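Close look at the chain arrangement
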Amino acid sequence: MASRSTDLSKRLNEYVIKFGSHETAIQAELRAETARLPMAMMQIGAEQGAFMQMLVRLIGARRCIEVGVFTGFSALAVALALPADGRILACDVNEEWTALAKRYWAKAGVQNKIELKLQPALKTLDAEIAAGRAGAYDFAFIDADKTNYDSYYERALTLLRKGGLIAIDNVLWHGKVVDASANDAETKAIRALNEKVHGDARVHMCLTPIGDGLTLAQKR
């Protein structure tokens, strides 16, 4: 028994990756290439990718949204878990990073499952709502600019069906959420969303300490 989550050493984290998922060689290759980039810390870990795969399988997801693609590891993980007719609407603004993503999606044979929209995510999400697709999606992953997290959450909640699931990344923000001296805009935005989701009667929620903190909110 344990009363709190285990702190992972480097060796223990490697053990989790080895025995905690069935990562493909292409996924491992993408993680390795991304690790050489200056912004590598933006990539989720292998164990989080496996966790998200389990989530989309458990809820029988077919239509997914991703806000914040980076080099495409999370979208790749989810796409591999989706059925043949599954689709991801992937939102990002960076052509360089997503070019790497598209190369690996093609290498894994999932490129036809992912529609990449290179424009501000709010524009893409608002267009989906305007097109009458409220309630049409099963799963949403939010991992982009933190000051817009609340707006992404609200759009995702509109677009998800009842029982659909939102996963929100970086909700512990490297520990800054409990640091009284941290009052930058991003930290304040994450704190505010954490408090909002915790009290939101529209969802069932839990905050898990996987990665940098991942909140799950299921639409009631």
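Description of the structure in this document. The structure displayed is predicted, hence computed values, not measured ones. (Residues numbered from 1 in each chain as written. Predicted model: local features only at pLDDT ≥ 70, side-chain atom pairs only at ≥ 80, totals over all residues. Heavy atoms only, no water.)

Re helix α4 (residues 73–81)
- With respect to burial, α4 is a largely interior element, 8 of its 9 residues being buried.
- Restricting attention to buried positions, one finds in α4 the residues Phe73, Ser74, Ala75, Leu76, Ala77, Val78, Ala79 and Ala81. (Buried < 20%, exposed > 50% of the residue type's maximum accessible area, 1.4 Å probe, protein only. Helix = DSSP H or I, 4+ residues; strand = E, 2+ residues; numbered from the N terminus.)

Some points on the packing of helix α7 (residues 149–159) against helix α8 (residues 185–198)
- Close contact between α7 and α8 brings their axes to 9 Å; oriented N to C, the two are set at 30°. Considering their axes alone, α7 and α8 lie roughly parallel with respect to each other. Here α7 contributes Tyr149, Asp150, Tyr153 and Glu154 to the contact with α8, which in turn contributes Leu193, Lys196 and Val197.
- Residue composition of the contact of α7 with α8, by class: 4 nonpolar, no polar and 3 charged. (Axes fitted to C-alpha atoms, helices over the stretch in contact; angles between N-to-C directions. Parallel < 35°, antiparallel > 145°, perpendicular 65-115°, else oblique. Contact = heavy atoms within 4.5 Å. Nonpolar A, V, L, I, M, F, W, Y, C, P; charged D, E, K, R; others polar.)

Things to note about the sheet that holds strand β3 (residues 114–118)
- What the 7 strands build is an open sheet, ordered β3-β2-β1-β4-β5-β7-β6; its pairing is mixed. The sheet is open, and its two edges are formed by β3 and β6 (203–208), each paired on a single side. Each strand of the sheet is rotated relative to its neighbour by a mean of 15°, with strand direction disregarded.
- Relative to strand β2 (residues 87–92), strand β1 (residues 63–67) is paired through 5 bridges, and the arrangement is parallel. Residue pairing across strands places glutamate 66 opposite alanine 90, the latter belonging to β2.
- In the packing of helix α5 (residues 95–108) onto the sheet, contacts are made with β2 and β3, and the angle to β3 comes to roughly 170°. (Pairing = 2+ DSSP bridges.)

What about the side chain of threonine 98?
- For threonine 98, the location among the structural elements is in helix α5.
- Not counting the four nearest positions on each side in its chain, threonine 98 is found in contact with Val69, Phe70, Asp92, Leu116 and Leu118.

Regarding α7
- Residues of α7 that are buried include every one of Tyr149, Tyr152, Tyr153, Ala156, Leu157 and Leu159, and no others. Seen end-on, α7 carries its buried residues on one side only, within an arc spanning 165°. (Arc of directions from axis to C-beta.)

What to know about the packing of aromatic side chains
- Evaluation of the coordinates by the stated rule reveals 2 aromatic pairs.
- Look at tyrosine 15 and phenylalanine 19: their rings are 4.8 Å apart centre to centre, the planes differ by 50°, and that puts the pair in the tilted class. Placement of both tyrosine 15 and phenylalanine 19 in helix α1 (residues 10–19) is noted, with a separation of 4 residues, approximately one turn of the helix. Judged on exposure class, the residue tyrosine 15 and its partner phenylalanine 19 are both exposed.
- Where phenylalanine 70 meets tryptophan 97, the ring centres are 4.9 Å apart and the plane angle is 80°; that geometry is what we call edge-to-face. Taken together, the residues phenylalanine 70 in the loop between β1 and α4 and tryptophan 97 in helix α5 connect sequence positions 27 residues apart.
- According to the relative accessible area criterion, phenylalanine 70 is buried, its value standing at 7%.
- Judged by its relative accessible area of 24%, tryptophan 97 is partly exposed. (Phe/Tyr/Trp six-rings, centres within 6.5 Å; stacked < 30°, edge-to-face > 60°.)

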